[in-house]
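# Examination of the molecular architecture
Below, each chain spelled out in residue letters.
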Amino acid sequence: MMFSPLRLVRTASLVATIMAATALTAAFAQDAAPAATAALGAAAAPIAPDTVLATVAGSPITGADLSFAAEDLSQELQQMPPEQRKAFLVRVLIDMKVMAKAGADAGMAETPLFKQRLEYLKDRSLRRAYFADTIAKGVTPEAVHAQYDKLVADFKPQEEIRASHILVKTEEEAKAIKAQLDGGADFVALAKEKSIDPGAANGGDLGFFSKGMMVAPFEEAAYGLTDVGQISEPVQSQFGWHIIRLDEKRQSAPPEFDKVAPQLQQQLLMTSFDDTVAKLMDGVKIDIPDADLAAAVAAQSETAAPAPAQ
């Protein structure tokens with residue numbers, strides 16, 4: 001997939017908004033909790049936005065403030081035990097109130113740069129609120145289940161085999177081991193003793209794989225085995241010489257819902273996010289005076305790629 005800076009920007013925007021707006025994964029079991037409650041841990045009691053947690057020189061610190069701080073400090077909160085997070089956030093907010101008052105008393109709120117920053121923060125907050133209300137709410141458990149049902153309906157089973165192998169450096173070694181196996185030697189024991197493959201400790205077991213997952217000479221030899229327990233002749237690849245045993249055959253099955261639900265949820269969010277942005281951009285006049293910058297922005301928009309399939 002072609003790298004897309006626009007995709008990167010939109011993905012970052014989407015992730016930030018999810019963190020601010022809702023605990024979407026938890027929404028499969030219950031209504032999404034405010035960011036503060038989610039950040040404080042699953043066992044934390046919900047905190048209403050208008051709950052006053054502290055007062056600093058007459059200025060209240062509320063549950064809403066706690067939620068905003070949890071959004072900004074999500075990474076820091078992940079590094080500490082849940083029982084310490086609430087006090088940490090309140091301490092941060094107290095410091096913020098004191099320093100904000102000092103900044104205001106010094107006239108910093110009246111500077112042109114501060115007013116520009118305030119406009120930026122206002123736009124960012126409105127974007128997050130719009131995202132939460134128009135996009136995130138649409139990604140319901142029912143929508144994710146419907147996406148999963150489509151995945152299952154479109155799924156095409158493939159033959160998978162499970163095989164074990166013994167890997168050695170030379171053809172002579174491989175032929176000698178094959179002769180031992182033909183004479184009744186135990187495959188697993190020989191794999192543990194002779195194989196130079198990292199999986200030798202578990203008897204050379206490679207687990208299940210489908211076509212296209214292994215190097216061509218190995219795959220051709222492995223899929224050429226017809227009966228479970230059958231052992232191949234020595235076959236060479238860029239890794240050395242293999243002796244392969246067919247252990248099991250099966251048809252692949254769709255992944256379980258719980259394993260793919262987060263990816264499906266992300267797909268739906270990204271698709272809805274892109275569709276919404278495209279509609280909002282339709283008919284909007286954008287003027288970029290710098291011709292080189294305008295061309296670069298246009299190029300980024302043109303290389304935007306669809307969300308990758310999960």
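Preceding this paragraph is the structure being described.
### Topic: the nonpolar core
The biggest cluster of nonpolar side chains holds 14 residues, and the ones touching the most others in it are L40, I61, L66, L77, L89 and L93. Elements that contribute at least two residues to this core include exactly strand 1 (52-56), helix 3 (63-72) and helix 5 (82-105). In terms of nonpolar packing, the next biggest core, distinct from the first, is built from 13 residues, I135, F257, L269 and V277 among them.

### With respect to the environment of E220
Along the chain, the position of E220 falls in helix 10 (residues 216-224). Owing to a relative accessible area of 63%, E220 belongs among the exposed residues under this scheme. In this structure the C-alpha to C-alpha distance between E220 and V235, which are 15 residues apart in sequence, comes to 9.6 Å.

### Some points on the packing of helix 7 (residues 141-154) against helix 11 (residues 257-281)
Packed helices, taken two at a time, are described by the angle their axes make and the gap between the axes. Between helix 7 and helix 11, the shortest axis-to-axis distance is 9 Å and the interhelical angle comes to 110°. Considered as vectors, helix 7 and helix 11 are oriented roughly perpendicular to each other. Contact residues: A143, V144, H145, Q147, Y148 and L151 in helix 7; F257, V260, A261, L264, Q265, Q267 and L268 in helix 11.

### A closer look at the packing of helix 3 against helix 5
Between helix 3 and helix 5, the shortest axis-to-axis distance is 10 Å and the interhelical angle comes to 100°. Of the possible angle classes, the one that applies to helix 3 and helix 5 is roughly perpendicular. Residues D65, L66, A69 and A70 of helix 3 pack against K86, L89, V90 and L93 of helix 5.

### Here's the deal with helix 5
The end-to-end C-alpha separation of helix 5 is 36 Å, in line with the 34 Å expected for 24 residues at 1.5 Å each. Listed in full, the buried residues belonging to helix 5 are R85, L89, V90, L93 and G103. Directly after helix 5, the chain includes G107, whose backbone phi takes a positive value near 85°.

### Focus: a nonpolar patch on the surface
Together, M281, V284 and I286 give the surface a local cluster of nonpolar side chains, amounting to about 280 Å² of exposed area. Take I286: it is sitting in the loop between helix 11 and helix 12 (291-302). You can call I286 exposed: its relative accessible area is 54%.

### A closer look at the packing of aromatic side chains
Evaluated as defined, the whole model comprises four aromatic pairs. Cluster of aromatic residues (ring-pair linked, three or more members): F209, F218 and Y223. When the ring centre of F208 is taken as origin, the NZ or CZ atom of R250, which lies over that ring, is 3.6 Å away.

### A short note on the sheet that holds strand 3 (residues 159-168)
Spatially, four strands are ordered 4-3-6-5 in an open sheet, and the strand pairing comes out antiparallel. Sheet topology places strand 4 (205-210) and strand 5 (235-237) at the edges, where each strand pairs with a single neighbour. For this sheet, the mean angle separating the axes of adjacent strands, direction not counted, is 45°. Sheet analysis places strand 3 next to strand 6 (residues 240-251), joined by ten bridges and oriented antiparallel. Bridged to I166 within strand 6 is I243. Those strands touched by helix 8 (residues 171-182) are strand 3 and strand 6, and its axis lies near 50° from that of strand 6.

### Considering helix 9 (residues 187-194)
When helix 9 is considered as a whole, its buried residues turn out to be F187, L190 and A191. Mapping the buried residues of helix 9 onto a view down its axis gives an arc of 105°, with all of them on the same face. Those residues of helix 9 that are exposed and angled more than 90 degrees off the buried face are K192 and E193. Buried positions along helix 9 lie against strand 3, helix 8 and strand 6. Of the residues flanking the start of helix 9, the one acting as N-cap is D186, its side-chain oxygen 3.3 Å from the backbone nitrogen of V188.

The rules behind these values
Residues numbered from 1 in each chain as written. Predicted model: local features only at pLDDT ≥ 70, side-chain atom pairs only at ≥ 80, totals over all residues. Heavy atoms only, no water. Core = buried A, V, L, I, M, F, W, Y, C linked by side-chain atoms within 4.5 Å. Buried < 20%, exposed > 50% of the residue type's maximum accessible area, 1.4 Å probe, protein only. Helix = DSSP H or I, 4+ residues; strand = E, 2+ residues; numbered from the N terminus. Axes fitted to C-alpha atoms, helices over the stretch in contact; angles between N-to-C directions. Parallel < 35°, antiparallel > 145°, perpendicular 65-115°, else oblique. Contact = heavy atoms within 4.5 Å. Expected span 1.5 Å × (residues − 1). Patch = residues over 30% accessible without salt bridge, like charges linked within 9 Å, V, L, I, M, F, W, Y side chains within 5 Å. Areas by Shrake-Rupley, 256 points an atom, 1.4 Å probe, with all protein chains shown as cover. Salt bridge = Lys/Arg side-chain N within 4 Å of Asp/Glu carboxyl O. Phe/Tyr/Trp six-rings, centres within 6.5 Å; stacked < 30°, edge-to-face > 60°. Lys NZ or Arg CZ within 6 Å of the ring centre and 35° of its normal. Pairing = 2+ DSSP bridges. Arc of directions from axis to C-beta. Polar contact = N/O pair within 3.5 Å; in protein donor to acceptor, adjacent residues only side chain to side chain.

Everything listed here is a matter of geometry and, on its own, says nothing about what the molecule does.
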